[in-house]
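# Descriptive structure summary
Here is how the chains run, residue by residue.
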Amino acid sequence: MKHEFRVTVGPVGFRIGSDWKRPLDQLSALYADYPAPDIPDFTVRLFAQRPWRRFIRPSVMIGGDYMLPDAAPLSLAHGLLAAEMGMNLQMALGQRRYLLLHASAVERDGRALLMTGHSGAGKSTLSALLGERGWRFMGDEFALIDLDSGALHAFPRLVSLKNEAIAVMEGEVQSDRLGPLMRDTPKGDIRHLRPPKEAVARMREPAKPALLLFPRFGHAVDIRKVGEAEIFVRLTQASTNYVALGEAGFDALSSLVRTIPTRAVDYPDTESAVASVERLWAELAE
Amino acid sequence: MNAPAYRADPPEARYLVALDGVALIFHRPSGLTHILAPPAPQILEALAEGEAEPAALLERLRRDYDFGDSDDLEAALEARLAELETSGLVWRA
Amino acid sequence: MTDARLLVRALVDPATTRALDAEGWTALIAMARAEQLMGSLAHRLDGLDHLPEKVAQLCTDARQSAEHARRQALWEAEMARRVLAPLGEPVVLLKGTAYVAAGLSAGIGRSIGDLDILVRRDALDAVERALIEQGGWEWVKEDAYDDAYYRDYMHELPPLIHKERDRMIDVHHTVLPLTAKPTPDAEAMIADSVELANGLRVLSPADMVCHSAAHLFADGDLAGGLRNLWDIDRLVRDFGPRDGFWQALGERAQRHQLQKPVARALRLAEALYGTPLEGDAAGRGRAGDALYIRRLLARDGWGREIRKLLRLAFYIRSHWLRMPPFMLAKHLWTKWRKG
């Protein structure tokens, strides 16, 4: 394709081709510290629906090795978001090496805290915030569970900050770590955050899953136990490749569920969430 | 007797993990995961001896479990068998 | 310009991939995925010692995916078997599911979508009823027009999807649309089909090749053609050495009015995959083959479709093959009006 950018996130390499230069320039600025793969795991394509649509009301179609049949295009101003969506899509549909959980993760002392829940539950913001407060950021979107060892592999892609989370993190980090503010995308306002240098430098170091939380934002502080069967079901729902992995996926997930301490956590604001996380970590982390 | 006989895959076709009170079953021929509450796992176990009609199956289960004296046990068993049939874990011989 | 010749060469002679650099591997994998041939390629490359580590990993993943597809396909077939067995009707598996159920080379590494079965036309209602009432399948969509379109003009029931397993089944009563010009003798295909150990059936070797060839040309605009042609290559390699296969193929192709598609498919398979041919089923003339080959290879190193004009030409052709012109207009009009 006309323009190309390559990046390795955790153990996964991507090749992104584009009909336009700008989204790739934005990507390469934000992913400056990440290595480029020789042979990528996945190819993503950002292309114009018709040749003239490269220039006239340009809209970005998202394609690649794995595609959804009816993915709607995005405006060129949201090209960076399109690239990220394309990369996520490859992971969601094509990843077979690891059990993929839709979860965020941070690490301390070689042990990992996993957070999963519906979008809007705050797992992404919480992981980004913890990443600035003494934890190693391992990823805000996907956690990769090793099918043999059960270890967690980092996938520290750019953090995709949405709406209110943008202000929270603007107060927390240097502005040169933030991408362009994209207003009125299909998901609302979006701004990407470059993970801390250490998170990138150590992204090939796995960690042992030590605590699993189901956070829920916007409720009074509450901490509940969750039954094993419910945890299992919630994690299968949070995984895009559990079924496709067959017995290896079953083995990895059932082992995780039987060994990891788990709690559901409600919190009214991010500061109280950080406090709850620290307390639960001290009490429970294995 | 016209009741159909039921069959199940041999035990090695299933990978069973016990999770607080329920059985998590990975069914190898289908690659599907099932969460089963008692007595469904016990029914599968009893069918390991070979296919059986509901009445005979109930006798097998009675050997190991005490169900008391309820008279609609066979109907309850047939309902469980129908669920297991839908999920593909048992089928009519 | 790079085209899918790269992929074809790797499938035919995996050792040639020794010469690939990182760019070449990247292009090969993108093409193989786009053509739904990654699993087949991964099996062909299995055990070679020159694969870069990443390629070896991606191949392992692809083989695992194919194994999953195989298991799922066989399970769907088994579930259909359980529901349909009481009808006592022959149920013939078609395409990918048939290849894996019969243990054929064409099934190795193959991606498999829906479950396709062939039943007698007279049994269609009973089959439909059993699947819906006892099997847990339901219509994908309640839509009177599409329904009539499928039933009146196509060669299958409107697709059914299983409520819980989310997998589709296509029930055919013939192997080409009723409106298509060749009218394969579906009853003869069923009569000649071969029973598997579990009671399900697959087409006889000659009919399987006929069906695969019909499918290559009649179904769509040759999209996915490299994969369909790979099926034919593998089938012919499995069946070719068997006694009487070539004679049977000639006879069945004639009986099903499929001499032309079968001949063309064999020639294209020979040209691209070096398929060993015998007898005269491949015909003599090669007019137009070059255009088909260019069309089949229209894929670049990004996995993109190239040669757009050529593709469009084939697309228009494919619709004319399927439906008489008036019906095409009617069909499109209904689609336009409904948005």
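Scoring rules and cut-offs
Residues numbered from 1 in each chain as written. Chains lettered and ligands numbered in written order. Predicted model: local features only at pLDDT ≥ 70, side-chain atom pairs only at ≥ 80, totals over all residues. Heavy atoms only, no water. Helix = DSSP H or I, 4+ residues; strand = E, 2+ residues; numbered from the N terminus. Rg over C-alpha atoms; globule rule 2.2 N^0.38 Å. Contact = heavy atoms within 4.5 Å. Areas by Shrake-Rupley, 256 points an atom, 1.4 Å probe, with all protein chains shown as cover. Lys, Arg positive; Asp, Glu negative; His and termini not counted. Charge placed at Lys NZ, Arg CZ, Asp CG, Glu CD. Buried area = accessible area lost by both parts, 1.4 Å probe. Salt bridge = Lys/Arg side-chain N within 4 Å of Asp/Glu carboxyl O. Phe/Tyr/Trp six-rings, centres within 6.5 Å; stacked < 30°, edge-to-face > 60°. Buried < 20%, exposed > 50% of the residue type's maximum accessible area, 1.4 Å probe, protein only. Axes fitted to C-alpha atoms, helices over the stretch in contact; angles between N-to-C directions. Parallel < 35°, antiparallel > 145°, perpendicular 65-115°, else oblique. Left-handed = near helix turned anticlockwise from the far one by under 90°. Nonpolar A, V, L, I, M, F, W, Y, C, P; charged D, E, K, R; others polar. Polar contact = N/O pair within 3.5 Å; in protein donor to acceptor, adjacent residues only side chain to side chain. Pairing = 2+ DSSP bridges.

### Focus: the overall build of chain B
A tally of regular secondary structure across chain B gives three helices and five strands. Over its C-alpha atoms chain B spans a radius of gyration of 13 Å, differing by no more than 12% from the 12 Å that the globule rule assigns to 93 residues. Considering only intrachain contacts with a sequence separation of at least 6, the fraction spanning at least 24 residues in chain B is 45%. If you sum the accessible surface of chain B, you get close to 4800 Å²; carbon and sulfur atoms cover 50% of it. Here chain B contributes 8 positively and 17 negatively charged side chains, and the mean placements of these two sets differ by 6 Å.

### A closer look at the interface of chain A and chain C
Taken together, the contact pairs 23 residues of chain A with 22 residues of chain C. With both chains or domains summed, chain A and chain C bury close to 1900 Å², and 49% of this area falls on carbon and sulfur atoms. When residues of chain A are sorted by the area they lose upon contact with chain C, Arg 15, Ile 39 and Arg 97 of chain A head the list and together hold 33% of the total. The interface formed by chain A and chain C includes four salt bridges. Salt-bridge contacts for Glu 23 of chain C lead to Arg 6 of chain A; the nearest nitrogen and oxygen are separated by 3.0 Å.

### A few points about the packing of aromatic side chains
On inspection of all chains with the given rule, the structure shows 15 aromatic pairs over all chains. Each ring, one from Phe 42 of chain A and one from Tyr 66 of chain A, has its centre 6.1 Å from the other, and the planes form 75°; the classification is edge-to-face. Here Phe 42 of chain A, found in strand S3 (residues 42-48), pairs with Tyr 66 of chain A, found in the loop between strand S4 (59-64) and strand S5 (74-75); they are 24 residues apart in sequence, far enough to count as distant. According to the relative accessible area criterion, Tyr 66 of chain A is partly exposed, its value standing at 25%. Geometrically, the ring pair formed by Phe 250 of chain A and Tyr 15 of chain B is edge-to-face, given 4.9 Å between the ring centres and 65° between the ring planes.

### Structural notes on the packing of helix H9 (residues 205-218) of chain C against helix H10 (residues 225-239) of chain C
All names here are of chain C. Remark: H9 packs on H10, axes separated minimally by 10 Å, with the N-to-C direction vectors making an angle of 165°. One finds that H9 runs roughly antiparallel with respect to H10. Considering the relative orientation of H9 and H10, their crossing is left-handed. Contacts between H9 and H10 involve Pro 205, Met 208, Val 209, Ser 212, Ala 213, His 215 and Leu 216 on the former and, on the latter, Gly 225, Asn 228, Leu 229, Asp 231, Ile 232, Leu 235, Val 236 and Phe 239. Its residues assigned to classes, the contact of H9 with H10 comprises 10 nonpolar, four polar and one charged.

### Examining the pattern of salt bridges
Residues and elements named next belong to chain C. Tallied over the full model, the rule gives 56 salt bridges over all chains. The shortest N-O distance in the salt bridge between Arg 255 and Asp 185 comes to 3.0 Å. Taken together, the residues span a long stretch of sequence, with Arg 255 in helix H11 (residues 245-255) and Asp 185 in the loop between strand S5 (168-172) and helix H8 (186-191) at a distance of 70 residues. Looking at Arg 255, the relative accessible area reads 46%, which means it is partly exposed. Judged by its relative accessible area of 23%, Asp 185 is partly exposed.

### Observations concerning the side chain of Asp 146 of chain A
Residue and element names in this part refer to chain A. Locating Asp 146 in the fold gives a position in strand S9 (residues 142-146). Put simply, Asp 146 is tucked away with no salt bridge, and the nearest opposite charge, on Arg 97, sits 7.7 Å away. Among the polar contacts made by the side chain of Asp 146, one reaches the main-chain amide nitrogen of Ser 149 at a distance of 3.1 Å. When sequence neighbours within four positions are dropped, the list of residues in contact with Asp 146 reads Tyr 98, Ala 151 and His 153.

### Re the interface of chain C and chain B
In this complex, chain C contributes seven residues to the contact, which on the side of chain B involves 12 residues. At the boundary of chain C with chain B, total buried surface from both sides reaches about 720 Å², with 59% on carbon and sulfur atoms. Considering only the side of chain C, the residues that lose the most area to chain B are Arg 71, Trp 75 and Arg 82 of chain C, jointly responsible for 69% of the buried surface there. The interface formed by chain C and chain B holds zero salt bridges in total. Remark: the boundary between chain C and chain B carries two residue pairs in polar contact (both at pLDDT 80 or more). Of the residues contributing to the side of chain C that touches chain B, the split by class is two nonpolar, no polar and five charged.

### Quick look at the sheet that holds strand S2 (residues 12-18) of chain A
Residue and element names in this part refer to chain A. Across the sheet, which stays open at both edges, the five strands sit in the order S1-S2-S3-S4-S5 with mixed pairing between neighbours. Sheet topology places strand S1 (3-9) and S5 at the edges, where each strand pairs with a single neighbour. As defined by bridge partners, S2 adjoins S3 across five bridges and the pair is classed as parallel. Across the sheet, Arg 15 pairs through a bridge with Thr 43, a residue of S3. Across the face of the sheet, helix H1 (residues 22-30) comes into contact with S1, S2 and S3 while running at roughly 30° to S1. Its contacts with the sheet place helix H2 (residues 79-94) against S1, S2, S3, S4 and S5, and it is angled at close to 140° to S3.

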